[in-house]
Amino acid sequence: MYHRALSGFRDFYPPETALRNHIIDTWRTVAGRYGFEEYDGPPLESLDLYTEKSGQEIVEQLYAFEDKGGRAVALRPEMTPTLARMVAARAESLKKPIRWFSVPQLFRYERKQRGRLREHYQLNVDVIGERSYLADAEVIAVAVDILRALGLADSDFCVRISDRNVIRALLINAGVEEGQLECAYAAVDKIEREKAKNLTEMMVKAGIDERTATEVLRIAQLKGLADVAEAVEKAGQDSEVIGELDSCVDALFSMGMGGVVTVDCSVIRGLAYYTGVVFEIFDSQRSMRAICGGGRYDGLLESLGGVDLPGVGFGMGDVVLSELLKDRGLEVERVGLDVFTIAITPDDQAEILSISHTLRDLGLRVEYPLKQQALGKQLRLADARGARIAVIVGPDERSENKVLVKNLKSGSEQRVHKSQLTREFFAHDG
Ligand code: HAM
């Protein structure tokens, strides 16, 4: 029977693995540059870790089942609840602010489309134990620097930022009642994907009158700090309400990242636990789901672990990013072999084994054929492996303790003594 990977799951052949590793290496390098430390947790968690706080959407996408001990468990669909659980368990002994990152593989039963699968790797960068807007700006800066480090230009992406407290204040002022906020948030979240008529209908069904519903859609379309500040003032709200968002954007300008940031009230985020600044990064064409999303969650550790610690962070997936890098021709070059070693006759084999292992000990990437073959066939394999240099030994070379070094790119050849095969020799040759 012919088997395939399940729908929404990926086989990583070497080129796909190389791209994934390139993305993950960049995540680790940039997060490390900001002083974040790596952690990890289990891929399988207790089901109620997600049903309590993550919100309806993600709960519907859970891979959940009963284990053989009768426990209700789920494959992790996101990392934030695990992080909250882990930090809460050691809250007292950990030095605040906690700056941690992780690269978990996550699982969500979603409808498969470009940029959206049923498993993905997701960088999580979080600061826990700090309420200052500088923590918000810090995590956003990590995300921007990663995209730059991957070779994307500032014009390739856009950080859209908002604040749930600001939107909440504007919605309440517009006449939305506490109990209707969730529905109004859902309408704000869908403003760019759904027709206004459908969103109004959805709100009216939840008891929001038509005039207020129209106002909700108007608020969702507010863009730019100045317009949002004006709306806050017109709503008779204290300018304090917008203080955090304002200061965060200012800090990003000071970091040289102001040009990629847009204040956009349609950003509210689907997860239920966000409490303040929220943000998403999209590719400029908006061709796929967000590259990255996150925000402030000041009540999550309290509700999952009983400790009052604020948090802010984001998740950045590898799927959208891979597509984007491929679209922009920013994929990784294949790392070929440094040296392919070739024995001309079976009697030269032992010499080739000895030389190959000496070169490997020097840190070079070396391969030889695993059975005796004609020279032409061996050279074709060397070429297929992307080798730079062939080291060839025949009876003549062996009798003189020499080897023939062939540069496979330029075709030049030289006979050298074995003792000349140093790292420096291979660094210069080719
Ligand atoms: P999220 O918005 O659900 O946030 O996911 C973050 C990112 O993960 C998305 O922007 C997207 O790039 C990627 N992603 C999510 N689901 C999929 C999927 N099915 N296929 C491909 N990529 C996907 C969270 O998960 C929050 N826990 C992030 C966070 C960390 N907030 C604070 N700290």
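Residues numbered from 1 in each chain as written. Predicted model: local features only at pLDDT ≥ 70, side-chain atom pairs only at ≥ 80, totals over all residues. Heavy atoms only, no water.

(A) Seen up close, the overall build of the protein chain. What the protein chain contains, in helices and strands, is 17 helices and 17 strands. The C-alpha radius of gyration computed for the protein chain amounts to 28 Å, which surpasses the reference 22 Å derived for 430 residues by more than 25%, pointing to a less compact arrangement than a globule. Counting only C-alpha atoms, the protein chain reaches 95 × 55 × 50 Å along its principal axes. Burial statistics for the protein chain: of 430 residues in total, 49% are counted as buried. One way to put it: in the protein chain the 55 positive side-chain charges average out to a point 6 Å from where the 67 negative ones average out. (Helix = DSSP H or I, 4+ residues; strand = E, 2+ residues; numbered from the N terminus. Rg over C-alpha atoms; globule rule 2.2 N^0.38 Å. Buried < 20%, exposed > 50% of the residue type's maximum accessible area, 1.4 Å probe, protein only. Lys, Arg positive; Asp, Glu negative; His and termini not counted. Charge placed at Lys NZ, Arg CZ, Asp CG, Glu CD.)

(B) Representation of the nonpolar core. By size, the foremost hydrophobic cluster in this structure holds 80 residues, and its most contacted members are Trp27, Ile161, Ile291, Phe314 and Met316. Considering every element that reaches this core, the biggest residue donor is helix α5 (residues 133-149), with ten residues. Formed by 22 residues, the second largest nonpolar core is a distinct cluster that contains Tyr39, Ile58, Ile128 and Tyr273. (Core = buried A, V, L, I, M, F, W, Y, C linked by side-chain atoms within 4.5 Å.)

(C) Highlighting the sheet that holds strand β15 (residues 389-393). The strand order across the open sheet built from five strands is β14-β13-β15-β16-β17, with neighbouring strands paired in mixed fashion. The sheet terminates laterally at β14 (366-367) and β17 (413-417), the two strands that pair on one side only. In the sheet, strand β16 (residues 402-407) pairs with β17 via five bridges, with the strands oriented antiparallel. Bridge assignment links Val405 to a residue of β17, and that residue is Gln414. Against the sheet, helix α14 (residues 349-361) contacts β13 (339-343), β14, β15 and β16, and its axis sits at roughly 165° relative to β13. The sheet contacts of helix α15 (residues 375-384) involve β13, β14 and β15, and relative to β13 the element is tilted by about 170°. (Pairing = 2+ DSSP bridges. Contact = heavy atoms within 4.5 Å. Axes fitted to C-alpha atoms, helices over the stretch in contact; angles between N-to-C directions.)

(D) Spotlight on the sheet that holds strand β2 (residues 44-46). Strand order in this open sheet of three strands is β2-β4-β3, and the pairing throughout is antiparallel. Whereas interior strands pair on both sides, the edge strands pair on one side only; in this sheet they are β2 and β3 (64-66). Averaged over neighbouring strand pairs, the angle between their axes works out to 35° when direction is ignored. One ladder, built from three bridges, connects β3 with strand β4 (residues 72-75); its direction is antiparallel. The residue bridging Glu66 from the neighbouring strand is Ala72, located in β4.

(E) Expanded view of the domain arrangement of the protein chain. With domains assigned, the protein chain is organised as domain 1 (14-36 + 77-327) and domain 2 (339-429). Measuring from the centre of the C-alpha atoms in domain 1 to the corresponding centre in domain 2 gives 54 Å. (Domains from an automatic or database assignment.)

(F) Fine view of the site of the ligand. Neighbouring the ligand are 27 residues, the closest being Glu78, Thr80, Glu110, Leu117 and Tyr274. Protein burial of the ligand: of its 670 Å² of free accessible surface, 98% is covered by the chains. Put simply, the parts of the chain that give the shell around the ligand at least two residues each are β7 (119-128), β11 (292-296) and β12 (311-317). Of the residues in the shell around the ligand, the class split is ten nonpolar, ten polar and seven charged. (Near = heavy atom within 4 Å. Areas by Shrake-Rupley, 256 points an atom, 1.4 Å probe, with all protein chains shown as cover. Nonpolar A, V, L, I, M, F, W, Y, C, P; charged D, E, K, R; others polar.)

(G) Structural context of the side chain of Asp156. Within the element layout of this structure, Asp156 appears in the loop between α5 and β8 (157-163). We classify Asp156 as buried; its relative accessible area is 13%. Sequence-distant contacts of Asp156, defined by excluding residues within four places in its chain, comprise Phe282, Asp283, Ser284 and Arg328.

(H) Quick peek at the pairing of β15. Judged by how many residues are buried, β15 sits mostly within the fold: five of five residues are covered. Burial of β15 is two-sided: the residues Ile389, Val391 and Val393 facing one way and the residues Ala390 and Ile392 facing the other way are all buried. As paired strands, β13 and β15 are joined by five bridges and run parallel to one another. What sits directly across from Val339, in β15, is Ile389. Bridge analysis of β15 against β16 gives four bridges, and the strand direction is antiparallel.

(I) Summary view of helix α4 (residues 80-89). In terms of residue burial, α4 counts as a mostly covered element, since seven of its ten residues are buried. Every buried residue belonging to α4 is among Thr80, Pro81, Thr82, Leu83, Ala84, Val87 and Ala88, and all of these are buried. Looking at the packing, one finds that the buried side of α4 touches β2, α2 (48-51), β5 (98-102), β7 and α12 (300-305).

(J) Structural view of the packing of helix α1 (residues 14-33) against α5. Running from N to C, α1 and α5 point in directions that differ by 130°, and their axes come no closer than 9 Å. Our classification of the angle between α1 and α5 gives oblique. By crossing handedness, the relation of α1 to α5 is classed as right-handed. Contacts between α1 and α5 involve Thr26, Trp27, Val30 and Ala31 from the first element and Val142, Asp145, Ile146 and Ala149 from the second. Of the residues that constitute the contact of α1 with α5, the class distribution is six nonpolar, one polar and one charged. (Parallel < 35°, antiparallel > 145°, perpendicular 65-115°, else oblique. Left-handed = near helix turned anticlockwise from the far one by under 90°.)

(K) Looking closely at the packing of aromatic side chains. Enumeration according to the criterion identifies nine aromatic pairs in this entry. Ring centres of Tyr63 and Tyr109 lie 5.6 Å apart, and the angle between their planes is 70°; on these two criteria the pair is classed as edge-to-face. Of this pair, Tyr63 sits in the loop between α3 (56-60) and β3 while Tyr109 sits in the loop between β6 (105-107) and β7, placing them 46 residues apart in sequence. On the numbers, 6.4 Å between centres and 65° between planes, the contact of Phe279 with Phe314 is edge-to-face. Here Phe279, found in strand β10 (residues 277-283), pairs with Phe314, found in strand β12; they are 35 residues apart in sequence, far enough to count as distant. Positioned above the aromatic ring of Phe36, the side-chain terminus of Arg99 is 4.7 Å from the ring centre. Note that Arg286 overlies the ring of Phe282, its terminal NZ or CZ placed 3.9 Å from the centroid. (Phe/Tyr/Trp six-rings, centres within 6.5 Å; stacked < 30°, edge-to-face > 60°. Lys NZ or Arg CZ within 6 Å of the ring centre and 35° of its normal.)

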